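Observations on the three-dimensional arrangement
What follows is the residue order along each chain.
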Amino acid sequence: MRKNHRHARTSEYGRGEALRLVRVTKTYGDTGTAEGGALVKALDDVTLSLPTGSFTAVMGPSGSGKSTLLHCAAGLDRPDSGLVVVDGEEMTGGPGPARGEAALTKFRRTRIGFVFQQYNLLPTLTVAQNTVLPLRLAGRRVHRARAEQILTGVGLGDRLGHTPDQLSGGQRQRVAIARALVTEPSVIFADEPTGALDTRSARDVLRLLQETVRLHGRTVVMVTHDPVAASYADTVQFLADGRLAGQMRAPTVDQIAERLAHLGDDLDGTSATTMTGV
Ligand SMILES: Nc1ncnc2c1ncn2[C@@H]1O[C@H](COP(=O)(O)OP(=O)(O)OP(=O)(O)O)[C@@H](O)[C@H]1O
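Owing to the predicted nature of the structure, the values given are computational and were not obtained by experimental measurement.

The rules we used
Residues numbered from 1 in each chain as written. Predicted model: local features only at pLDDT ≥ 70, side-chain atom pairs only at ≥ 80, totals over all residues. Heavy atoms only, no water. Core = buried A, V, L, I, M, F, W, Y, C linked by side-chain atoms within 4.5 Å. Buried < 20%, exposed > 50% of the residue type's maximum accessible area, 1.4 Å probe, protein only. Contact = heavy atoms within 4.5 Å. Helix = DSSP H or I, 4+ residues; strand = E, 2+ residues; numbered from the N terminus. Arc of directions from axis to C-beta. Near = heavy atom within 4 Å. Polar contact = N/O pair within 3.5 Å; in protein donor to acceptor, adjacent residues only side chain to side chain. Phe/Tyr/Trp six-rings, centres within 6.5 Å; stacked < 30°, edge-to-face > 60°. Pairing = 2+ DSSP bridges. Axes fitted to C-alpha atoms, helices over the stretch in contact; angles between N-to-C directions.

Counting residues in each nonpolar core, the largest one holds 47 residues, and the members touching the most others are Phe 55, Leu 151, Met 222, Val 236, Phe 238 and Ile 256. If near-sequence neighbours (up to four positions away) are discounted, Phe 55 is found in contact with Leu 206, Leu 209, Gln 210, Val 213, Val 220, Met 222, Tyr 232, Ala 233, Asp 234 and Thr 235. Judged by nonpolar contacts, the second largest core, of 26 residues, contains Val 46, Leu 69, Val 187 and Val 221.

The phi dihedral of Arg 23 falls on the positive side, at around 50°, and the residue is not glycine. With respect to the helices and strands, Arg 23 occurs in strand E1 (residues 17-28). For Tyr 119, which is not a glycine, the phi torsion comes out positive at approximately 70°. Looking at where Tyr 119 falls in the secondary structure, it is placed in the loop between strand E6 (112-116) and helix H4 (127-137).

With that settled, the discussion passes to helix H5 (residues 144-153). What H5 keeps buried is the set Ala 147, Ile 150 and Leu 151. Along the long axis of H5, the arc covered by the buried residues comes to 100°, so they all point the same way. Every exposed residue of H5 that faces more than 90 degrees away from the buried side is listed here: Ala 145 and Gln 149. Summarising the contacts, the buried residues of H5 are in contact with H4 and helix H6 (169-181). A positive phi of about 85° marks Gly 155, the residue just after H5.

Our next topic: the site of the ligand. In the vicinity of the ligand, the residues found are Tyr 28, Val 40, Ala 42, Pro 61, Ser 62, Gly 63, Ser 64, Gly 65, Lys 66, Ser 67, Thr 68 and His 225. Between Ser 64 and the ligand, the recorded distance is 3.1 Å, taken from a backbone N or O atom to an oxygen atom. One of the backbone nitrogen or oxygen atoms of Ser 67 is found 2.9 Å away from an oxygen atom of the ligand. Secondary-structure elements contributing two or more residues to the shell around the ligand are strand E2 (40-51) and helix H2 (66-73). The dominant element in the shell around the ligand, judged by the number of residues it contributes, is H2, at three residues.

All right, on to the packing of aromatic side chains then. Here the structure, examined in full by the defined rule, presents one aromatic pair. Ring centres 5.7 Å apart and planes at 10° place the aromatic pair Phe 114 and Phe 116 in the stacked group. Residue Phe 114 is classed as buried on the basis of its relative accessible area of 15%. On the basis of relative accessible area, Phe 116 is assigned to the partly exposed category, the value being 26%.

Pairing is mixed in the open sheet, where six strands are placed in the order E6-E7-E8-E3-E9-E10. Because the sheet does not close on itself, it has two edges, and the strands there are E6 and strand E10 (243-249). Strand-to-strand, the axes of this sheet are offset by a mean angle of 20°, without reference to chain direction. Inspection of the sheet shows strand E7 (residues 187-191) paired to strand E8 (residues 220-223) by four bridges, in the parallel sense. Considered in E8, the bridge of Asp 191 is made with Val 223.

See below:
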């Protein structure tokens, strides 16, 4: 009965929508204090819908809530209130019984892919083993051919037996992207994926992310401080003080930098320099 109820609730969400946030709020601090003086509203009533096959960059000043948004949207953290829906299914929030940690982890493993600034590859595993690790963790069958196919797709078909320390930063990040793709997730979240890379490697990684969206129909959400990186996305969502502060479609580097500068004008004492992180 409960199952049917969940199904009935989830079926109202649109097809072709990879991610939906509805009135997501997250507060940090000592919730026990009556005054609430120490509370920080990291996300404040954020509602967002991202279509399947879109590439979205999330930008904003330091402390504006980008990481919190990514963590809540990716199921790494739970919002205090509001709903996160992935591919039509409620991941966190909602009126039904909350998923336990184990169920949330399982959901995440199959529906969400991650790419981190520092790659997060296991140093003792080969490139191929790192790539298929999410399948192993999910208890799924692993075929070497699958690892080979996906690594060839990111330009590392000849590196299967190498360990991460034998690769450049850009190559490591491409392994991380292959690992994120291997479960065919609904959404890939990338947290400053080019933050540790030189310009050329960064460009290769951004093109690869673009390709996963345009050629393979994946959905990518990328947090970045860098207007150049953000310009590879279809849309930039701006955050300020935990709230969405507008979006920009088909963005150019100059337009993004300009918008960030004006976001700075809106915030007391915050300079554009701080916001772009340059
Ligand atoms: N675990 C936590 N405990 C307390 N406060 C937190 C915690 N995580 C984030 N915050 C606060 O929430 C706000 C939003 O932080 P968040 O890390 O999401 O911002 P951000 O935009 O990602 O910043 P940055 O660009 O510097 O990484 C900040 O004021 C931050 O200090």
